[in-house]
Amino acid sequence: MASNDVGSVAQALFSTARDDGAIAISIEPRDIAPLAADEVLIRVEAAPVNPSDMGLLYGVADVASARVDAPAAHPTMVMDVPPALSRAVAGRLGQALPVGNEGAGTVIAAGASDEAQALLGKIVATFGGAMYRSHRTARAVDCLVLPDGASAREGASLTVNPLTAMAMVGTLRRGGYSALCHTAAASNLGQMLVKLCAAEGVPLVNIVRSAEQAALLRGIGAQHVVDSSQADFMAALTDALAETGATLAFDAIGGGALAGQILTAMEAAQVKKGAPFSIYGTNVHKQVNIYGALDMGPTTFSRSFGLQWGISGFLLTPYLMSLTPQEVGEMRAFVIAHRNDIFASHYSADISLADMVRPDLAQAIAAKATGKKYLLNPSI
Ligand SMILES: NC(=O)c1ccc[n+]([C@@H]2O[C@H](COP(=O)([O-])OP(=O)(O)OC[C@H]3O[C@@H](n4cnc5c(N)ncnc54)[C@H](OP(=O)(O)O)[C@@H]3O)[C@@H](O)[C@H]2O)c1
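What you see as residue numbers is a count from 1 along each chain, following the sequence as written. pLDDT decides what is reported in this predicted model: residues at 70 or higher carry local features, side-chain atom pairs at 80 or more are listed and counted, and totals for whole chains, interfaces and linings draw on all residues regardless. Calculated side-chain values reflect all of the structure's heavy atoms, with hydrogen atoms and water omitted.

Okay, the site of the ligand next. Around the ligand sit 25 residues in total, of which Leu189, Arg209, Gln213, Thr370 and Lys373 are the nearest. Within 3.5 Å is the distance limit for a polar contact, defined as a pair of N or O atoms, with the added protein rule that one can donate a hydrogen and the other accept it, and that residues adjacent in sequence qualify only through two side-chain atoms. Here an oxygen atom of the ligand and a side-chain polar atom of Asn161 are 3.0 Å apart. Within the contact set of the ligand, an oxygen atom lies 2.8 Å away from a backbone nitrogen or oxygen of Leu189. The protein chains hide 88% of the 930 Å² of surface that the ligand would expose on its own. Only runs of H or I of at least four residues qualify as helices and only runs of E of at least two qualify as strands under DSSP, and these elements are numbered from the N terminus. Contributions of two or more residues to the shell around the ligand are made by α1 (51-57), α4 (160-175) and α5 (188-200). Broken down by element, the shell around the ligand gets its largest block of residues, 3 residues, from α4. Its residues placed into classes, the shell around the ligand shows 13 nonpolar, 9 polar and 3 charged. Only a single heavy atom is needed: when it lies within 4 Å of a molecule or strand, its residue is near that molecule or strand. We get accessible surface area from the Shrake-Rupley algorithm with a probe of 1.4 Å; when it comes to residues, only the shown protein chains can shield them. Basically, the charged four are Asp, Glu, Lys and Arg, the nonpolar ten are Ala, Val, Leu, Ile, Met, Phe, Trp, Tyr, Cys and Pro, and anything else, Gly included, counts as polar.

In structure tokens:
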């Protein structure tokens, strides 16, 4: 098969910021272009709905206002953007943006090159956007081939969260840190990080916000779990940071006081370990990398941690770009080998493209609750 012969139309999900103040999420047919020599056509069978996808999918819209847009030509759900936040969508007005960072499926057609032809019939995982569609064209070189017998479900989430967990450990090693601290730690990514740090011998302080989440993490072997809903949170966090020596944190929450509280507790941990007094604080650099926006509010902190500290953003893509292709290849091979243990993802339900325009489901997805990740199969 030298080019696609599967029919010329894919069903695809788009998110459009309209000038009437709504974000519209629609399922629309799109022509499938003939394949170039180095391309393959994937029937997408599994794609996670991750918090990072929701940033584009729902944007700053009020998901509680979601409703079906019955007069629309295609299945469409709309939700209102609060007027105070309308500037946040100004740059995307009128553009039907494809959604879905990663996913997996079966290669059903291939371009003429040997590399593309070799993938015919294989289950592959890929990333790079526009995965929420029944059929997606990808370059053969961007496809990760799953071992024989592995399912698309096993390949759905092999990029975003696993590589970010590995990037956290890589950042620790590069920076000469000895231990990590992580927030929203009962997330899928957080559970991967618990297992990865155990395998790599990296002490890890996990911050969660409920007793159930603490129990979940202890159940998979976490040694240091601190619950921010408890009255002794700051004391317990300081103890755990002193015990592990963690001065590098990755914060998925972003908004609110937690990033500053972590820096405060890191400084207190250094003092507790006997750092000499100085009005400038200890000489130990303390670093929080904000890598998510689970709380979209402002990041607030009072500087009670001396002057050796930093708060930065962190994104997987630039981190990967700082590595050699061989290093990225080794990370990917490690992820595939450990797809069913360290990097296993957990899904609460399998859904279809039609489900993605159901208001009740949008509200459930947008809650981003522990153990409530949805797996989309756009081909059903
Ligand atoms: N920067 C990057 O390159 C990058 C790459 C990958 C992932 N990420 C980020 O990694 C994070 C985890 O992703 P995931 O797919 O593993 O998530 P997930 O499995 O969907 O879990 C989300 C977790 O966040 C918690 N949560 C939600 N809202 C919260 C809030 N306001 N405050 C505290 N906790 C909150 C939930 O706990 P409750 O049940 O208590 O709500 C849940 O445990 C996301 O923020 C994502 O954007 C970033």
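Having seen it, we continue.
Quick look at the packing of helix α7 (residues 233-244) against helix α8 (residues 258-272) now. In a packed pair of helices, the relevant descriptors are the angle between the two axes and the axis-to-axis distance. One can describe the packing of α7 onto α8 by two numbers: an axis separation of 8 Å at closest approach and a directional angle of 55°. Our classification of the angle between α7 and α8 gives oblique. Like other packed secondary-structure pairs, α7 and α8 cross with a definite hand, here right-handed. Side by side, α7 and α8 meet where Phe233, Met234, Leu237, Thr238, Asp239, Leu241 and Ala242 of the first sit next to Leu258, Gln261, Ile262, Thr264, Ala265, Met266, Ala268, Ala269 and Lys272 of the second. Axes here refer to lines fitted to C-alpha atoms; in helices the fit is confined to the stretch in contact. Angles between the N-to-C directions go from 0 to 180 degrees. Any angle between 65 and 115 degrees counts as roughly perpendicular, while under 35 counts as roughly parallel, over 145 as roughly antiparallel, and the rest as oblique. Crossings are assigned a handedness: left-handed for a near helix turned anticlockwise from the far helix by less than a right angle, right-handed for a clockwise turn. Any two residues whose heavy atoms approach within 4.5 Å are treated as being in contact.

If you check the domain split of the protein, you get domain 1 (9-157 + 346-376) and domain 2 (160-319). Throughout the structure description, domain borders are defined by an automatic or database domain assignment. One C-alpha centre belongs to domain 1, the other to domain 2; they are set 31 Å apart. Contact with domain 1, which involves 12 residues of that partner, is made by 11 residues of domain 2. Buried area is a sum: the accessible area each of two parts loses on coming together, probed at 1.4 Å, counted once for each and added. For the pair domain 1 and domain 2, the two sides together bury roughly 820 Å², of which 50% comes from carbon and sulfur. Applying the counting rule to domain 1 against domain 2 returns 3 residue pairs in polar contact (both at pLDDT 80 or more). Residues belonging to the side of domain 1 that touches domain 2 are distributed by class as follows: 2 nonpolar, 7 polar and 3 charged.

Before going further, it helps to examine the sheet that holds strand β1 (residues 9-17). The criterion for strand pairing is that DSSP finds at least two bridges linking the strands in question. The strand order across the open sheet formed by 5 strands is β4-β5-β2-β1-β6, and the pairing between neighbours is antiparallel. If you trace the sheet from one side to the other, it starts and ends with β4 (67-68) and β6 (96-98), each paired once. Both β1 and β6 contribute to a ladder of 3 bridges, which runs antiparallel. For Phe14, the partnering residue across the bridge sits in β6 and is Pro98.

Moving on to the sheet that holds strand β11 (residues 180-182). Spatially, β13-β12-β11-β14-β16-β18 is the arrangement adopted by the 6 strands of the open sheet, whose pairing is parallel. Each of the sheet's edge strands pairs with one partner strand only, and the pair in question is β13 (224-227) and β18 (309-313). Each adjacent strand pair in this sheet contributes to an overall mean axis angle of 20°, direction not counted. Bridge count for strand β16 (residues 286-290) against β18 is 5 bridges, and the pairing is parallel. Pairing of Asn289 across the sheet is with Ser312, part of β18. Helix-sheet contacts for α5 involve β11 and β12 (204-208), and the interaxial angle to β11 is about 160°.

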